[in-house]
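Each chain is listed here by its residues.
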Amino acid sequence: RSSDLSVSKSVLEAIKARLKSFHDLLVDPPKTNVMKTTWGLLDPPVGNTRLNVIRLVCSLLQTNTNNINLELVELNTIGVILDMFFKYIWNNFLHTQVEICIALILASPLESTDDKITNEETIGENLLLTHVFLKCQLVERILDAWDMNEKKQSDGGRRHGYMGHLTRIANCIVHSSEKGPNNMLVQHVVKELPNDIRERWEVFCTGPLNETNKKNTVDLVTARHIHSSSDDEIDFKDTGFSQDSSLQQIQQMTSNFIDQFGFNDEKFADQDDIGNVSFDRVSDINFTLNTNESANIALFEAYC
């Protein structure tokens, strides 16, 4: 197990040395052709390279390694990823990865280091989380994007493709401030926001976000009370329901279905069991032939 840990550390160290190169790929991706879509041109498109770089960042965030997180803060990689999130409004593959990144940052405890943390004053410090709120302006960007989408829809435009992911990110922030492992820090950084932004956020959480959550909630049962069968004392003997006649109808329907569609359990039975198939239906076949030829001839001559 110690060998696995050492391999993981060596891999992380190797990736850290190349983080600047991966970051540069996000800023200046490989040259690709302009992509024409139904709503406009993508120049450049997101591309598979940048999407995989963001997936790598997600994996790195999951390790919650101190020196990796510090390097991501120094490079402002999360800020670049957020820029892409709001730029490519219809790329849900990208939106999903960015949502995962934000959720990991909010849910990760204090960055792990090689030395044990003994100073209680350091508990609650999370440079990457603070960076996302203050430097990357996550709350402001959520509010601005929400207002922009509302205005666009009111003018008859289409709803932005990232709105579902944006709603979940906003809910993740709210949940993290209430019950998350960094709830005290999240509450602190929200209080550190400019007064107008903080007031807008509070109104947004209690207003549009709350209304959207209600719309997205699916009632699995109706408001009407559902009684169990034992609650209702109904005498089915007086309903005129005949069990024998209904059973005969079901058997006849089954027989007609087999005749119509050719389905037979014999086709699905084991070969050893085929010899034991019942031939009760054979006795129901009517082999009687109508030999009244004179009546048939008279009927033929009448119509011909």
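In what follows, the structure referred to is the one given above.
Cut-offs and rules
Residues numbered from 1 in each chain as written. Predicted model: local features only at pLDDT ≥ 70, side-chain atom pairs only at ≥ 80, totals over all residues. Heavy atoms only, no water. Phe/Tyr/Trp six-rings, centres within 6.5 Å; stacked < 30°, edge-to-face > 60°. Buried < 20%, exposed > 50% of the residue type's maximum accessible area, 1.4 Å probe, protein only. Helix = DSSP H or I, 4+ residues; strand = E, 2+ residues; numbered from the N terminus. Lys NZ or Arg CZ within 6 Å of the ring centre and 35° of its normal. Contact = heavy atoms within 4.5 Å. Expected span 1.5 Å × (residues − 1). Polar contact = N/O pair within 3.5 Å; in protein donor to acceptor, adjacent residues only side chain to side chain. Salt bridge = Lys/Arg side-chain N within 4 Å of Asp/Glu carboxyl O. Axes fitted to C-alpha atoms, helices over the stretch in contact; angles between N-to-C directions. Parallel < 35°, antiparallel > 145°, perpendicular 65-115°, else oblique. Left-handed = near helix turned anticlockwise from the far one by under 90°. Nonpolar A, V, L, I, M, F, W, Y, C, P; charged D, E, K, R; others polar.

Considering the packing of aromatic side chains
Turning to step 1, where the next piece is worked out: Under the counting rule described, the total for this entry stands at 5 aromatic pairs.
Turning to step 2, where the next piece is worked out: Judged by centre distance (5.0 Å) and plane angle (80 degrees), the ring pair of Phe 85 and Phe 86 falls under edge-to-face.
Turning to step 3, where the next piece is worked out: Residue classification places Phe 86 among the buried residues on the basis of a relative accessible area of 16%.
Turning to step 4, where the next piece is worked out: Arranged with centres 4.9 Å apart and planes meeting at 75 degrees, the rings of Trp 146 and Phe 204 form a pair that is edge-to-face. Highlighted residues: Trp 146 in helix α8 (residues 138-154) and Phe 204 in helix α11 (residues 195-206), separated in sequence by 58 residues. As far as the burial class goes, Trp 146 and Phe 204 line up, both buried.
Turning to step 5, where the next piece is worked out: In this structure an aromatic cluster arises from ring pairing among Phe 85, Phe 86 and Tyr 162.
Turning to step 6, where the next piece is worked out: Across the ring face of Trp 90, the terminal group of Arg 158 is positioned such that the distance to the ring centre comes to 4.9 Å.

Comments concerning the environment of Leu 82
Turning to step 1, where the next piece is worked out: Within the element layout of this structure, Leu 82 appears in helix α5 (residues 77-87).
Turning to step 2, where the next piece is worked out: Separated by 59 residues in the primary sequence, Leu 82 and Arg 141 place their C-alpha atoms 8.9 Å from one another.
Turning to step 3, where the next piece is worked out: Sequence-distant contacts of Leu 82, defined by excluding residues within four places in its chain, comprise Val 98, Ile 102, Cys 136, Leu 138 and Arg 141.

Quick notes on the environment of Asn 210
Turning to step 1, where the next piece is worked out: Note that Asn 210 resides in helix α12 (residues 208-216).
Turning to step 2, where the next piece is worked out: Residues Asn 210 and Asn 171, spaced 39 residues apart in sequence, show a C-alpha to C-alpha distance of 9.3 Å.
Turning to step 3, where the next piece is worked out: Apart from residues lying up to four places away in sequence, Asn 210 is in contact with Phe 204 and Cys 205.

Describing helix α7 (residues 127-135)
Turning to step 1, where the next piece is worked out: Among the residues making up α7, those that are buried are Leu 128, Leu 129, His 131, Val 132 and Phe 133.
Turning to step 2, where the next piece is worked out: Within two residues after α7, Gln 137 carries a phi angle of roughly 55 degrees, on the positive side.

Let's talk about helix α6 (residues 92-107)
Residues three or four positions apart in an α-helix share a direction because the helix packs 3.6 residues into each turn.
Turning to step 1, where the next piece is worked out: Taking 1.5 Å of rise per residue, 16 residues should cover 22 Å, and α6 covers 22 Å from first to last C-alpha, within 8% of that figure.
Turning to step 2, where the next piece is worked out: What α6 keeps buried is the set Leu 94, His 95, Gln 97, Val 98, Glu 99, Cys 101, Ile 102, Ile 105 and Leu 106.
Turning to step 3, where the next piece is worked out: Here the buried face of α6 lies against α3 (47-63), α5, α7, α8, α9 (163-179) and α10 (183-191).
Turning to step 4, where the next piece is worked out: Here α6 starts with a cap whose side-chain oxygen sits 3.2 Å from the backbone nitrogen of Phe 93, and that cap is Asn 91.

Looking at the pattern of salt bridges
Working definition: two side chains of opposite charge can pair if their charged atoms are close together.
Turning to step 1, where the next piece is worked out: Per the stated rule, a full pass over the model turns up 6 salt bridges.
Turning to step 2, where the next piece is worked out: We note a salt bridge from Arg 141 to Asp 83, for which the minimum N-O separation is 2.5 Å. Pair noted here: Arg 141 is in helix α8 and Asp 83 is in helix α5, with a separation of 58 residues, a long-range link.
Turning to step 3, where the next piece is worked out: Taking the shortest distance from any N to any O, the salt bridge between Lys 151 and Asp 155 comes out at 3.3 Å. Across the pair, Asp 155 and Lys 151 agree in class, each one exposed.
Turning to step 4, where the next piece is worked out: One network of salt bridges, with partners in common, ties together Asp 144, Asp 147 and Arg 200.

A short note on the packing of α7 against α10
Turning to step 1, where the next piece is worked out: Where α7 meets α10, the closest approach of the two axes is 10 Å, and the angle between their N-to-C directions is 25 degrees. On the basis of the axis angle, α7 is roughly parallel to α10. Relative to α10, the crossing made by α7 is right-handed. Along the contact surface, α7 presents Leu 129, Thr 130, Phe 133 and Leu 134, while α10 presents Leu 185, Val 186, Val 189 and Val 190.
Turning to step 2, where the next piece is worked out: Of the residues that constitute the contact of α7 with α10, the class distribution is 7 nonpolar, 1 polar and no charged.

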